[in-house]
Amino acid sequence: MLASLGGGVRYGLLNELLAREGYLLGRSVFGMASGVLQIGGFAVGGALVATLSPRGTLLAAAALYAAGAAVAHRGLAARPPRATGRPSSPGPGAPTPCCGPTGRGGPSTSRCGCPTA
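Described below are features of the structure shown in this document. Only a predicted model underlies this, so the values are computations on that prediction, with no experimental measurement involved.

**Considerations on the overall build of the protein**
What the protein contains, in helices and strands, is three helices and zero strands. Going residue by residue from the N terminus, the α and β elements of the protein occur as α-α-α. A total of 117 residues make up the protein; the buried ones form 6% of that total. When contacts within the protein are restricted to residue pairs at least 6 apart in sequence, long-range pairs at least 24 apart make up 15% of them. Accessible surface computed for the protein: about 9,900 Å², of which carbon and sulfur atoms make up 67%.

In structure tokens form, the structure reads like this:
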């Protein structure tokens with residue numbers, strides 16, 4: 001669940017940081033880096049479990065997560081919002097896409113509240 005939020009934020013920032021021509025290449029580099037880091041993380045995790053105890057490995061992982069959070073907190077600059085309001089919501093008095101101008105449903109309505117035939 002958190003990965004979907006992180007992916008949206010990551011690709012949204014990528015869209016702002018890169019020029020239009022570089023977006024596809026940047027997205028591909030993100031995908032390759034993710035795969036390489038995942039394989040490397042499994043290798044390092046296995047080496048740590050073999051060297052330390054499982055408890056020591058979990059403590060090291062917790063310390064690394066805390067360090068990563070501190071670096072992200074201090075290293076990321078504040079960015080202004082891209083837009084104000086909710087661009088996906090209709091304006092006042094606008095019909096909903098499925099219900100037409102009235103937006104009313106009677107006793108025989110579908111899940112979205114639209115009258116069924």
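**Notes on helix α3 (residues 54-75)**
For α3, which comprises 22 residues, the first-to-last C-alpha distance of 31 Å matches the rise-based estimate of 32 Å (1.5 Å per residue) to within 8%. For α3, the tally of buried residues reaches only one of 22 residues, placing the bulk of the element at the surface.

**Looking at the environment of Leu 18**
Position of Leu 18 relative to the elements: it lies in the loop between α1 (2-17) and α2 (23-51). For Leu 18, a relative accessible area of 34% translates into the label partly exposed. Setting aside its immediate chain neighbours within four residues, Leu 18 contacts Tyr 23 and Gly 26.

The rules behind the values
- Residues numbered from 1 in each chain as written.
- Predicted model: local features only at pLDDT ≥ 70, side-chain atom pairs only at ≥ 80, totals over all residues.
- Heavy atoms only, no water.
- Helix = DSSP H or I, 4+ residues; strand = E, 2+ residues; numbered from the N terminus.
- Buried < 20%, exposed > 50% of the residue type's maximum accessible area, 1.4 Å probe, protein only.
- Contact = heavy atoms within 4.5 Å.
- Areas by Shrake-Rupley, 256 points an atom, 1.4 Å probe, with all protein chains shown as cover.
- Expected span 1.5 Å × (residues − 1).

Read these as layout, nothing more, since geometry by itself doesn't imply function.
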